[in-house]
Amino acid sequence: MTPNLFNSYRYASAGGYDYSGTHGYIWTNNAGKQIDVFEHGTTTNATNIADMALAVNEAPTCQTDTVMVTFGGNTVDNIQEYTIGSASNATTVADLARAVGRTRAKAMNGTHGFMMGGFANATGTVYDEIQSFEFETTTDAVDISLLSRDTCNQAGGINGNDKSIAYSIAGFSGSSNFGTISSYQMGTGTTATAIATERTSRDICSMQNTTYIFTGGGSDGQGVTKFEIGTTTNSAELGTMSVTNASYGTSQSPTHGYIYGGNDAATKQNVYEYEFDTSATITDVADLSVASTGTNASGSGTP
């Protein structure tokens, strides 16, 4: 694929952008190691562009505009890096401080990605530690701060205008599901603060523009919600998602979000499109190259 050196999707404000793009890059589950690519706004099926170094599932994915990394994935501590748009396979570049997964909170500030809590399959432990990894290095991740509570199976996003704040949205504590929205000042040692509430849910992922973070589906009902970035206002309900789904990956353009795979038998190979800030209808527009339950968080790019 030929890089596009200038396009409307890489618009910038004073401090950054919201990690949207013309394509979605889907880190499928551990049934295989495929990284699929899907062109936003089309009905063309996703294709396998590259492979992971290790097969993982339910891992968070963070990125810059040139590289995408995935952190751990339930039973491993590896950090894998992929060059966006490349046919070269992802490589293992560093390790987390511990082997955790089961989070799809996308937290990144341009120079670092952040692992927000997570679940360790080996011990059944849910963590509140926030780990920090410097992009395009081989330096292992380190603990930098704490979430407001032990958290896994959550969604999340960032303040897209200046890339300073990450949000952890809803999740599982190890004993119960909850609807807390926490705010973390990325790159600092300041503990994340609970600032608002979301519907109680887990096994969700998020899509966003520079104004709102949207979530939908999950294990506790199928509501679609939006949280206004930069506020302490509770998430607003937009209705019941038109398709039952949980444990999926996502990407976004500035106007639409895209949902990949999921744990329901009817959704595990589907690509869905959602128009931001509309009702709760998602539309089946294409297929992945492989069925993917427990899809990794995934991301967006513009090669």
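Above: the structure in question.
Scoring rules and cut-offs
- Residues numbered from 1 in each chain as written.
- Predicted model: local features only at pLDDT ≥ 70, side-chain atom pairs only at ≥ 80, totals over all residues.
- Heavy atoms only, no water.
- Phe/Tyr/Trp six-rings, centres within 6.5 Å; stacked < 30°, edge-to-face > 60°.
- Helix = DSSP H or I, 4+ residues; strand = E, 2+ residues; numbered from the N terminus.
- Buried < 20%, exposed > 50% of the residue type's maximum accessible area, 1.4 Å probe, protein only.
- Lys NZ or Arg CZ within 6 Å of the ring centre and 35° of its normal.

1. Looking at the packing of aromatic side chains
Here's step 1: Following the criterion strictly, the structure yields 11 aromatic pairs and no others.
Here's step 2: Note on Tyr-25 and Tyr-82: the rings are 6.0 Å apart at their centroids and 50° apart in plane angle, and the pair reads as tilted. Note that Tyr-25 is positioned in strand β1 (residues 23-27) and Tyr-82 in strand β6 (residues 78-83), a separation of 57 residues in sequence.
Here's step 3: Overall, Tyr-25 belongs to the buried group, its relative accessible area being 0%.
Here's step 4: Exposure remark for Tyr-82: the relative accessible area of 0% places this residue in the buried category.
Here's step 5: Where Phe-214 meets Phe-276, the ring centres are 4.9 Å apart and the plane angle is 5°; that geometry is what we call stacked. Of the two residues, Phe-214 sits in strand β16 (residues 212-216) while Phe-276 sits in the loop between β21 (270-275) and β22 (283-287), which places them 62 residues apart along the sequence.
Here's step 6: Taking the relative accessible area as the measure of exposure, Phe-214 reaches 0% and is therefore buried.
Here's step 7: Under the relative-accessibility criterion, Phe-276 is labelled buried at 9%.
Here's step 8: One aromatic cluster is present, formed by Tyr-212, Phe-214, Tyr-274 and Phe-276 through successive ring pairs.
Here's step 9: A cation over a ring is seen here: Arg-149 above Phe-178, with NZ or CZ 3.9 Å from the ring centre.

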